[in-house]
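Listed below, chain by chain, are the residues.
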Amino acid sequence: MRIVVINGPNLNLIGTRSPEIYGSTSLEELDDLCRSWAADVGTDVDTYQSNHEGDLIDRLHAARDADGVVINPGAFTHYSYAIRDAIEAIGIPTVEIHISNVRDREPWRRISVVSDVCVTTIFGRGIVGYRHAIRHLVARAAWPVETITYGPDSDNVGDLRIPHGPGPHPVAVLLHGGFWRATAARDLLDSVAVVLTGHGWATWNVEFSRVGSGGGWRATTADVATAVSSLAQFAEGHELDLERVIAVGHGSGGHLALQAAVGARDPRISAVAALAPIGDLEAAHRAGIGSDAVDAFTRRTPEQSPERYAAASPIKNLPIGVPLLVVHGDEDDQVPAAISRSFAGRAADEGDTVVYHEFEGVGHDDLVDPATPAWAKIVEEIDRLR
Ligand code: DQA
């Protein structure tokens, strides 16, 4: 597989250009990183940068024989229909990427004329977003995906992957983490989706509104509920087994997975795999995790609205009522393992069937990286939920 990484105007200056926005990595270092991130997933990368619109268009045309393109069009993003048309014309899966959070800066940076011809847009994750972009293209190539719209908002979409062999297939609804913030998106669970689909699960890797894209505790939870119930609309055509639907969530997505099981109607979620979940919003609020992510999500402190925390926090909704797999790494520096330890204990006390594993020497993102040793155990346990 060969991917072309293209950077547009002024990106030759990163490292020294507004480091508080773009960081301290130079373009040369970024290109090296892209090569090594690609090598990690068995892929070759060609890199290119230009400050000139026509040159960028020529490079896109020359990428016609590549398997994927990652492009940061810089300021051209906001007005170059010529670059947009070039991306459309070559017809190669293209990821739009921005280092900064373009949705949280000047209003004109929120406009992208290229998004609609790109397979996804990654923004606001810093340099590591390029790694995610490369991995997204690799995951798309590894297992075909059908992107399905489940509601009226642009975030109401999900990627469906169907396993080989005859159905009906059990379904894993995947809920990504990232502290419910708009800079995180479902591409973070692409590799998990590919591995689980290989294990015979139909995977429904869903997007939902997040903080910064119209989400918050009520809207986000409602989107997840709609994403789950929408399975009924395409179950037949894809041979999905709606008696066996599990929710798999990571971090804040673990919170959403547990809450989805509490509130699920039709189809009912039959089990939850919660990977480093935020199972206790009050404890997470007190710990200030994710730069006060809980406050941004709930828009209230527990003192201001005990009712909101009672409704939105999984530990306040026990028993969840379905088998639970809870896993956490003891070196998680984003969501403390102590939260899962007490959540799992309390859930068991309240009558839930809980399997809890705490992995030694494992961090937060390791739990969704199929290349790490913990993953083999996780997938074995998820398979048991079938
Ligand atoms: C950028 C954001 C653009 O608005 C800006 O013009 C850039 C870089 C980013 O990577 O965040 O040059 O694309």
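Parameters at a glance
- Residues numbered from 1 in each chain as written.
- Predicted model: local features only at pLDDT ≥ 70, side-chain atom pairs only at ≥ 80, totals over all residues.
- Heavy atoms only, no water.
- Axes fitted to C-alpha atoms, helices over the stretch in contact; angles between N-to-C directions.
- Helix = DSSP H or I, 4+ residues; strand = E, 2+ residues; numbered from the N terminus.
- Left-handed = near helix turned anticlockwise from the far one by under 90°.
- Contact = heavy atoms within 4.5 Å.
- Nonpolar A, V, L, I, M, F, W, Y, C, P; charged D, E, K, R; others polar.
- Buried < 20%, exposed > 50% of the residue type's maximum accessible area, 1.4 Å probe, protein only.
- Pairing = 2+ DSSP bridges.
- Domains from an automatic or database assignment.
- Buried area = accessible area lost by both parts, 1.4 Å probe.
- Salt bridge = Lys/Arg side-chain N within 4 Å of Asp/Glu carboxyl O.
- Polar contact = N/O pair within 3.5 Å; in protein donor to acceptor, adjacent residues only side chain to side chain.
- Near = heavy atom within 4 Å.
- Areas by Shrake-Rupley, 256 points an atom, 1.4 Å probe, with all protein chains shown as cover.
- Phe/Tyr/Trp six-rings, centres within 6.5 Å; stacked < 30°, edge-to-face > 60°.
- Patch = residues over 30% accessible without salt bridge, like charges linked within 9 Å, V, L, I, M, F, W, Y side chains within 5 Å.
- Lys, Arg positive; Asp, Glu negative; His and termini not counted.
- Charge placed at Lys NZ, Arg CZ, Asp CG, Glu CD.

**Here's the deal with the packing of helix α2 (residues 27-40) against helix α5 (residues 128-142)**
Part 1 of the reasoning: Their axes nearest at 10 Å, the elements α2 and α5 cross at an angle of 35 degrees. Of the two elements, α2 crosses α5, and the hand of that crossing is right-handed. Within the contact between the two elements, α2 uses Leu30, Cys34, Trp37 and Ala38 and α5 uses Val128, Tyr130, Arg131 and Ile134.
Part 2 of the reasoning: In terms of residue class, the contact of α2 with α5 is built from seven nonpolar, no polar and one charged.

**Remarks on the pairing of strand β7 (residues 157-161)**
The two faces of the sheet receive side chains in turn, since in a regular strand these alternate between them.
Part 1 of the reasoning: In terms of residue burial, β7 counts as a mostly covered element, since five of its five residues are buried.
Part 2 of the reasoning: On β7, burial covers both faces: Val157, Asp159 and Arg161 on one face and Gly158 and Leu160 on the other are all buried.
Part 3 of the reasoning: Two elements, strand β6 (residues 146-149) and β7, share four bridges in a ladder whose sense is antiparallel. Residue pairing for β7: Thr147 is matched across the bridge by Asp159.

**What to know about the pairing of strand β1 (residues 2-7)**
Part 1 of the reasoning: Of all six residues that make up β1, five are buried, and the element is covered over most of its length.
Part 2 of the reasoning: Where β1 and strand β2 (residues 44-49) come together, six bridges link them in parallel fashion. Paired with Val4 across the strands is Asp46, a residue of β2.
Part 3 of the reasoning: Here five bridges tie β1 to strand β3 (residues 68-72), and the two strands are oriented parallel to one another. Across the sheet, Val4 pairs through a bridge with Val69, a residue of β3.

**Here's the deal with the domain arrangement of the chain**
Part 1 of the reasoning: Parsing the chain into structural domains produces domain 1 (2-136) and domain 2 (144-383).
Part 2 of the reasoning: Spacing between the C-alpha centres of domain 1 and domain 2 amounts to 29 Å.
Part 3 of the reasoning: Counting residues at the interface gives 10 residues for domain 1, matched by 10 residues for domain 2.
Part 4 of the reasoning: Counting the surface lost from both domain 1 and domain 2, the interface buries some 760 Å², and carbon and sulfur atoms represent 40% of this.
Part 5 of the reasoning: Across the domain 1-domain 2 interface, the total number found is two salt bridges.

**With respect to the sheet that holds strand β5 (residues 120-123)**
Part 1 of the reasoning: Reading across from one edge, β2-β1-β3-β4-β5 is the order of the five strands in this open sheet, with parallel pairing throughout. Two strands in the sheet have a free side with no partner beyond their single neighbour: β2 and β5. Put simply, the sheet's adjacent strands are angled 20 degrees from each other on average, direction ignored.
Part 2 of the reasoning: One ladder, built from four bridges, connects strand β4 (residues 94-98) with β5; its direction is parallel. Residue pairing for β5: His98 is matched across the bridge by Phe123.
Part 3 of the reasoning: The strands touched by α2 within the sheet are β1 and β2, with β2 carrying the most contacts at an inclination of about 160 degrees.

**Structural notes on the side chain of Glu207**
Part 1 of the reasoning: By secondary structure assignment, the location of Glu207 is in the loop between β9 (202-206) and α7 (217-229).
Part 2 of the reasoning: Within polar-contact distance, the side chain of Glu207 engages the backbone nitrogen of Arg186 at 2.8 Å.
Part 3 of the reasoning: In contact with Glu207, other than residues within four places in its own chain, are Tyr150, Asp155, Val157, Gly158, His176, Ala185 and Arg186.

**Considering unusual backbone geometry**
Part 1 of the reasoning: Following Gly167, the chain continues to Pro168 via a peptide bond in cis, the omega torsion being 0 degrees.
Part 2 of the reasoning: A cis amide bond links Leu318 with the next residue in sequence, Pro319, at an omega value of -5 degrees.
Part 3 of the reasoning: Checked against the element boundaries, Pro319 lands in the loop between α12 (306-312) and β12 (324-329).

**Here's the deal with the site of the ligand**
Part 1 of the reasoning: With respect to spatial proximity, the complete set of residues near the ligand consists of Pro9, Arg17, Tyr22, Asn72, Gly74, Ala75, His78, His98, Ile99, Ser100, Val102 and Arg109.
Part 2 of the reasoning: Separating an oxygen atom of the ligand from a backbone N or O atom of Ile99 is a distance of 2.7 Å.
Part 3 of the reasoning: In the environment of the ligand, an oxygen atom lies 2.6 Å from a nitrogen or oxygen atom belonging to the side chain of Ser100.
Part 4 of the reasoning: Coverage of the ligand by the protein chains reaches 99% of its 320 Å² of free accessible surface.
Part 5 of the reasoning: Residues of the shell around the ligand, tallied by class, amount to five nonpolar, five polar and two charged.

**Observations concerning the packing of aromatic side chains**
Within a pair of aromatic rings, the relevant descriptors are the distance that separates the centres and the angle that separates the planes.
Part 1 of the reasoning: Inspection of every chain in the model, using the stated rule, returns four aromatic pairs.
Part 2 of the reasoning: Ring centres of Trp204 and Phe234 lie 5.1 Å apart, and the angle between their planes is 70 degrees; on these two criteria the pair is classed as edge-to-face. With Trp204 in strand β9 and Phe234 in helix α8 (residues 231-234), this pair connects stretches of sequence that are 30 residues apart.
Part 3 of the reasoning: Here Trp204 falls in the buried class, since its relative accessible area comes to 0%.
Part 4 of the reasoning: Relative accessible area serves as the criterion here: at 10%, Phe234 is assigned to the buried category.

**Side note on a negative patch on the surface**
Part 1 of the reasoning: On the surface, Asp330, Glu331, Asp333, Glu360 and Asp365 cluster together into a negatively charged patch.
Part 2 of the reasoning: Along the chain, Glu331 falls in the loop between β12 and α13 (337-349).

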